[in-house]
Amino acid sequence: MRKFGLRQRLCGSAAVLAVSWAGLIAAPAYAQNTDAVSDDSGGIVVTAQRREEKAKDVPIALTTITAEKLGQGDVQQLSDISKLTPALRFDNYGGFVQPTIRGVGTAVSASGAGSNVGIYIDGFYAPNPLSADFQLLSVESVTVLKGPQGTLFGRNSTGGAIQVTTSDPSHDAHGVAEVSYGRFNSQKYQAYVTGGLSDTVAVDLAGLYRKGNGYIRNITTGNAKDGAYEDWSVRAGLKLDVSDSASFLLRYTHADTNDPNPNTTNAYVDDAGRIYSFGAVLPPAFGVKTATNPREVSNNGRTDFTSKVDAFQLTGEFDLGFAKLTSYTQFRNESSYSALDLDGTSLSVFDVEFFITDKIFTQEFVLASQGKGRLKWSAGAFFFSDKNKYHYLNGSIQGAPFARISSTGTDTTGIAVFADGTYELADKLFLGVGARYGQDKIKNGFFDTTVLAGTPTTGRTNVPEVSRGSFTPRVTLRYEPTPSSSIYASFSRGYKAPILNVAGYSTSTINAEHLSAFEVGYKYAARGLSFDASAYYYKYNDLQVASYIGTQSLLTNAANSRVYGVEAQLAYEVTPNFSFSLAGAYLDAKYDTFKGSPFYSQCLDPVLCGAGYGLFANQNVDASGFRMARSPKFTGSAGARYRTKLAGGELGLSGTLSYTSRAYFDTVQQFSQKGYELLSLRAEWTDPSDRFTLAVFGDNITNAKYRSQILPGPFAIQTTWGSPTTYGGSVRVKF
């Protein structure tokens, strides 16, 4: 009976934990038209309010990273922009990418659950956290908008939004190709070409292939390439200029990933040296190996992640004279497979595998004013559909064949209308007012637990649909003391859609999150110098929280929080050949009330625990007053670039240093990563013809050891680690 109970608990715990894992690796950015992000005076131009404006005139705290800056640091994928953006973290829960801005994020991984940070690629919403860490192909800029963006960007943007802007096809035929090689046999081959087929048709094509051995050694199997990966992606575009006032851009993107690294876990070790694994407390006679070194794992089960993404996007732009109308039509077909060893030891205890698909359709219309009148405005409508299905979650106990544990699914639709305008009340004084109304419906929810450790259960259960409306207003007041500066104050609300608790095998509904934000800020941009600072206060209610009890992954609205902080950024072009930047953020984010926070306790009494000896059980404790998960007190970065003539060509030297203080991965301050720094250096020489560039680079120069995620479970508290020191060289050719 004791063994049978353990088998039930193991399978149930797997059902809780195994709803995660994936990731796409990215390439250095290629910019073909940097004028798209700069106006004639050198100021950055953004579309943070769904219309083109100077960044200094936008009453939103934001960070814009141009293609040149992306190429100076260790920016290999979207998540790496956190090294250049204060108060932004990109964490994982398995392969689920979960960005956090100013402490606002999520650790929920379930059907229909999304990130608190909206990600937009050329204006298109990309909601799937399993494909959020995508490859950066021909990128012009990345802009991070901080604070709730519920008015203009809508659902699931309580923390903020990330806008990725890529280059359009050009009639000017040109291209660039780059080959790089680095430590751990890492290889990258990438290219971008564009040109005109006629006076009205232009095309482009971007592609990347990467592979490597990884840096993980398996001490159980002896495999020194446990983290070997192989990915490729391609993006094709066709632009048709129908007339001087109408154009269409059709894009197709495919990404194919085979990268086990999000699932190559080992055991968490706290600051006192305690190893959080049942294998660590078993008698030596068992001969159990438990890896804790950042470059080692001790799995004996399969660890894998594969993903395929196909995205079709059609953008239509129409100049109506008084306004510009833009239509965004998108379909995304995405799938991923994960396999992982949940005990993380050399024993055959418990392995899982699961397969997830998403079919996403979005349609948005945005009408933005043109001209220089006192009123500037934008308005639009948005439709969203996501058919998400966890086709199977299978488990294997003690090396036995995989057996079905569960399957779950939801269909989510959303429709919204919005409007936002800024009116010049008096000379240099501007009032902004905006609002969005949205309706979300989650239907066709189900969970199927037909077989659980060989024991018949309830079978398929259909979950009643839920429909919720949301109203997210925004009010701003901005004053221009000088043409180069701006002072603003704002109030805004954010909203994260409700969730059906299918992952918890429950028919209950998890209510929406709501966030109210107050912010004041100052911006300056002139003569090569830009500076901005902001202070904010958030009231954050009904946080959607996951806890693991018995055989269920329970989602609840368990917490209310308050968040406040200050940020500042400075960039200065000292001379045409030397520039530097500094950025820093202080954050105080705590739970006001959180009565049912999960805490993991290891059973260490051989008599009382029986077959459960060494396992971790979930308990609920009061976390009120504790720091919010993934909200370090301080994050900061510094960068510099110097250029000089050498051998008839140009030598460029650049470096980026980022730092984050201690951050907790859970809600009761049980599991954390102490403060660490990341240093990247790059030297490149371009020949006199500006066609060939040779570069050498090094990333994580100080070999900082830092965790990228914590995965709690019954057998171990598992963790994955960031990359150690890497270095290499590259050759780039323009044609």
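Keep in mind that this is a model prediction, so the values were computed, not measured.

Caption draft 1: Representation of the overall build of the chain. A tally of regular secondary structure across the chain gives 3 helices and 43 strands. Since a compact globule built from 735 residues should have a radius of gyration of about 27 Å, the 25 Å found for the chain is in line with a globular shape. Overall, the chain is about 80 × 60 × 45 Å in size when its C-alpha atoms are taken along their principal axes. For the chain, with 735 residues in total, the buried portion stands at 59%. Of the accessible surface of the chain, which amounts to about 27,800 Å², a share of 58% is contributed by carbon and sulfur atoms. Within the chain, one finds 67 positive and 65 negative side-chain charges whose respective centroids are separated by 5 Å.

Caption draft 2: A look at the pairing of strand S41 (residues 707–712). Of all 6 residues in S41, 5 are buried; the element is thus mostly enclosed. Here S41 runs beside strand S42 (residues 717–721); their pairing, made up of 5 bridges, is antiparallel. Bridging across to S42, proline 712 finds its partner in isoleucine 717. In sequence, S41 turns back onto S42 through a hairpin of 4 residues.

Caption draft 3: Region of the structure containing the environment of valine 621. By secondary structure assignment, the location of valine 621 is in strand S34 (residues 616–621). Classification of valine 621 as partly exposed rests on a relative accessible area of 26%. Sequence separation between valine 621 and lysine 595 is 26 residues; the distance between their C-alpha atoms is 6.2 Å. Discounting residues that sit within four places of it in the chain, valine 621 has contacts with Phe594, Lys595, Gly596, Ser597, Phe599 and Val668.

Caption draft 4: A look at the sheet that holds S42. Here we have 3 strands laid out as an open sheet, ordered S16-S42-S41, and antiparallel in their pairing. The open sheet has two free edges, formed respectively by strand S16 (266–267) and S41, since each of these has just one partner strand. The pairing of S16 with S42 spans 2 bridges and is classified as antiparallel. Counterpart to asparagine 266 in the pairing with S42 is threonine 719.

Parameters at a glance
Residues numbered from 1 in each chain as written. Predicted model: local features only at pLDDT ≥ 70, side-chain atom pairs only at ≥ 80, totals over all residues. Heavy atoms only, no water. Helix = DSSP H or I, 4+ residues; strand = E, 2+ residues; numbered from the N terminus. Rg over C-alpha atoms; globule rule 2.2 N^0.38 Å. Buried < 20%, exposed > 50% of the residue type's maximum accessible area, 1.4 Å probe, protein only. Areas by Shrake-Rupley, 256 points an atom, 1.4 Å probe, with all protein chains shown as cover. Lys, Arg positive; Asp, Glu negative; His and termini not counted. Charge placed at Lys NZ, Arg CZ, Asp CG, Glu CD. Pairing = 2+ DSSP bridges. Contact = heavy atoms within 4.5 Å.

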